[in-house]
Amino acid sequence: MSVLKVKDLKSYYISEVFGIKRTVRAVDGVYMEINRDEVFGIAGESGCGKSTLIKTLLGMIKPPLTIVDGEIYYDFGDKKFNILSLNPDESRKIRWEYISYIPQSSMSVLNPVRRIRDTFKSFLGAHKKFEKDELEGLVKEHLSALGLPTEVLNAYPHQLSGGMRQRVTIALASILKPKVILADEPSTALDVVVQRGVIQLLRNIQEEQKNIIIIVTHDMGIHANICDRIAIMYAGKIIEEARTDEIFKHPLHPYTTYLIGSLPKIGDKSYRVSAPGSPPPLSNLPNGCSFHPRCPYVMEKCKKEFPSLLNVEDEHRVACFLVNKEDDNGARD
Ligand SMILES: Nc1ncnc2c1ncn2[C@@H]1O[C@H](COP(=O)(O)OP(=O)(O)OP(=O)(O)O)[C@@H](O)[C@H]1O
Ligand SMILES: [Mg+2]
């Protein structure tokens, strides 16, 4: 049974400078369905809309970001809602307790002039009433369970290493055992060894708490390591989605093929080809499939129509006329 269902989500940055309206179609018709206990990865080039999608799923919508269309349904059994129709107060209540967020930069969550202890206290105090010692005990227990030293509570964020700060952010995001954790590049700024530790920490939390994790990263190695399913985003749309092993073994969209083909393989020194050219500006997308100007297999149809994301096999969906030859470009429900 799906816990999260996203339908035709369009989330644009709409601004007006000197009377000229500019629309950046950052998320442009996304469909997703995520099941209980699933780790779902989102990959794609810089600027394709990954962070905007995560922010929208969290209901963190501030101008110029505007929801133009779509629905985001969460079904937690005891609580069911379309996050886009909640008021700010309702939205605050479900955040962290039901849906939590790990941003790319831990500094945007940790207050630089507060000791970590105080950040935990104000954070938890905003959600529940605690006796004084109860709260301290809960935080220490959680940190210890995650293998983090409780001394970090006395530190200010700048006194911790980048890796430790990111672990503390993850501890904060998981302390209320949220049903969904949205992680936006949780380890990108870290070196490889520390990165591995951070990803392992996320895995341990998921095994223990059985949350859904939606993780954004450009690092396909991390996706391979942690995700059950992966969605590939290109210019604001999901263009392919499949189980992790399937997408690595049988990528179908030409863009995914480039993305996976460009990964280094141990012992193989041959030249790796990445996608030619660069992604289109989201404020001025080409007609038809947004990948067509870079696609070596482009056909006339691709220049005019956008292929819908259709099932090719069980749990493998792709938006490409090469694969979906019969696509009538009908809307997917
Ligand atoms: N506040 C804003 N106003 C206007 N455009 C914006 C704003 N924030 C982001 N954008 C644009 O929206 C598009 C998607 O941005 P987003 O941050 O979602 O991409 P991303 O896939 O997360 O990229 P990265 O991998 O670099 O983090 C980009 O073209 C970006 O320039
Ligand atoms: Mg981003």
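Residues numbered from 1 in each chain as written. Chains lettered and ligands numbered in written order. Predicted model: local features only at pLDDT ≥ 70, side-chain atom pairs only at ≥ 80, totals over all residues. Heavy atoms only, no water.

**Q** Which residues make up the site of ligand 1, and what are the values?
**A** Near ligand 1 lie 15 residues; those nearest to it are Ser46, Gly47, Lys50, Ser51 and Thr52. Contacts to ligand 1 include Ser51, whose side-chain N or O atom sits 2.8 Å from an oxygen atom. For ligand 1, the accessible surface in isolation is 640 Å², of which the surrounding protein chains cover 65%. Those elements that provide at least two residues to the shell around ligand 1 are strand E2 (20-35) and helix H1 (50-58). Looking at which element gives the most residues to the shell around ligand 1, the answer is H1, with three residues. (Near = heavy atom within 4 Å. Polar contact = N/O pair within 3.5 Å; in protein donor to acceptor, adjacent residues only side chain to side chain. Areas by Shrake-Rupley, 256 points an atom, 1.4 Å probe, with all protein chains shown as cover. Helix = DSSP H or I, 4+ residues; strand = E, 2+ residues; numbered from the N terminus.)

**Q** Help me get a handle on empty space enclosed by the protein, residues and values and all.
**A** Gaps left between atoms show up when a probe the size of a water molecule is rolled over them. Applying the stated criterion to the full structure yields two cavities of 30 Å³ or more. If you add up the space inside the largest cavity, you get close to 90 Å³. In this structure, the largest cavity is lined by 13 residues; those nearest its centre are Cys289, Cys295, Cys302, Cys320 and Phe321. Its boundaries defined by the atoms lining it, the second largest cavity holds a volume of some 30 Å³. For the second largest cavity, the full set of lining residues is Arg117, Phe120, Lys121, Leu135, Glu136, Val139 and Leu153. Sorting the residues of the lining of the second largest cavity by element identifies helix H3 (116-125) and helix H4 (132-145) as the ones contributing at least two each. By residue class, the composition of the lining of the second largest cavity is four nonpolar, no polar and three charged. (1 Å grid on protein atoms, 1.4 Å probe; cavity = no way out; pocket = protein on both sides within 12 Å on 5 of 7 lines; lining within 4 Å. Points joined across faces, edges and corners; volume = space filled by probe spheres on them. Nonpolar A, V, L, I, M, F, W, Y, C, P; charged D, E, K, R; others polar.)

**Q** I'd love a proper account of the environment of Val216, names of residues and values included.
**A** Tracing the chain through its elements places Val216 in strand E8 (residues 212-216). Here Val216 falls in the buried class, since its relative accessible area comes to 0%. Taking the C-alpha atoms as reference, Val216 lies 4.8 Å from Ile42; in sequence the two are 174 residues apart. The contact partners of Val216, leaving out residues within four places of it in the chain, are Ile42, Lys50, Ile54, Ala183, Asp184, Glu185 and Pro186. (Buried < 20%, exposed > 50% of the residue type's maximum accessible area, 1.4 Å probe, protein only. Contact = heavy atoms within 4.5 Å.)

**Q** How would you sum up the pairing of E2? Please name residues and give values.
**A** Of the strand pairs in this sheet, strand E1 (residues 2-17) and E2 are connected by twelve bridges, and their pairing is antiparallel. Note on E2: the bridge partner recorded for Ser2 is Asn35. (Pairing = 2+ DSSP bridges.)

**Q** Explain the pattern of salt bridges residue by residue, including any values.
**A** Inspection of every chain in the model, using the stated rule, returns twelve salt bridges. With a closest N to O distance of 2.6 Å, Arg229 and Glu38 form a salt bridge. With Arg229 in strand E9 (residues 229-234) and Glu38 in the loop between E2 and strand E3 (39-43), this residue pair connects regions lying 191 residues apart in the sequence. On the accessibility criterion, Arg229 (5% relative accessible area) is buried. Judged by relative accessible area, which is 6%, Glu38 ranks as buried. Here Arg243 ties to Glu315 by a salt bridge, and the two come within 3.7 Å at their closest N and O atoms. Here Glu315 lies in the loop between strand E11 (310-313) and strand E12 (316-318) and Arg243 lies in strand E10 (residues 237-243), a separation of 72 residues in the sequence. In the salt-bridge network here, residues are joined through shared partners; they are Glu38, Arg229, Glu241 and Arg317. (Salt bridge = Lys/Arg side-chain N within 4 Å of Asp/Glu carboxyl O.)

**Q** Which residues make up the nonpolar core, and what values do they have?
**A** Of all hydrophobic cores here, the largest spans 92 residues; its most connected members are Met32, Leu57, Tyr74, Ile99, Phe120 and Ile214. Ranked by residues supplied to this core, first place goes to helix H5 (residues 162-174) with six residues. (Core = buried A, V, L, I, M, F, W, Y, C linked by side-chain atoms within 4.5 Å.)

**Q** So what's going on with H3? Which residues, and what values?
**A** Buried residues of H3: Ile116, Arg117, Thr119, Phe120, Phe123 and Leu124, and no others. End-on, the buried residues of H3 take up no more than an arc of 165°, which puts them together on one face. Of the surrounding elements, those touching the buried residues of H3 are H4 and H5. (Arc of directions from axis to C-beta.)

**Q** Explain the packing of H5 against helix H6 (residues 192-209) to me, and be specific about the residues and the numbers.
**A** Viewed as axis vectors pointing N to C, H5 and H6 meet at an angle of 15°, and their least axial separation amounts to 10 Å. As the angle between them shows, H5 and H6 are arranged roughly parallel. Along this stretch, H5 crosses H6, giving a crossing that reads as right-handed. Here Gly163, Gln166, Arg167, Ile170 and Ser174 of H5 lie close against H6, whose contacting residues are Val194, Gly197, Val198, Leu201, Leu202, Ile205 and Gln209. Tallied by class, residues from the contact of H5 with H6 come to six nonpolar, five polar and one charged. (Axes fitted to C-alpha atoms, helices over the stretch in contact; angles between N-to-C directions. Parallel < 35°, antiparallel > 145°, perpendicular 65-115°, else oblique. Left-handed = near helix turned anticlockwise from the far one by under 90°.)

**Q** Requested: an account of the packing of aromatic side chains, with residues and values cited.
**A** Think of a pair of aromatic rings as described by two things: how far the centres are apart, and how the planes are tilted against each other in angle. Under the defined criterion, the tally for this structure stands at eight aromatic pairs. When the centroid spacing of 5.9 Å and the interplanar angle of 55° are considered together, the rings of Phe76 and Phe81 count as tilted. Judged on exposure class, the residue Phe76 and its partner Phe81 are both buried. Note on Tyr234 and Phe291: the rings are 5.2 Å apart at their centroids and 85° apart in plane angle, and the pair reads as edge-to-face. Taken as a pair, Tyr234 in strand E9 and Phe291 in the loop between helix H9 (254-261) and E11 lie far apart in primary sequence, 57 residues in all. One aromatic cluster is present, formed by Tyr74, Phe76, Phe81 and Tyr98 through successive ring pairs. (Phe/Tyr/Trp six-rings, centres within 6.5 Å; stacked < 30°, edge-to-face > 60°.)

Distances and angles like these do not, on their own, reveal function.
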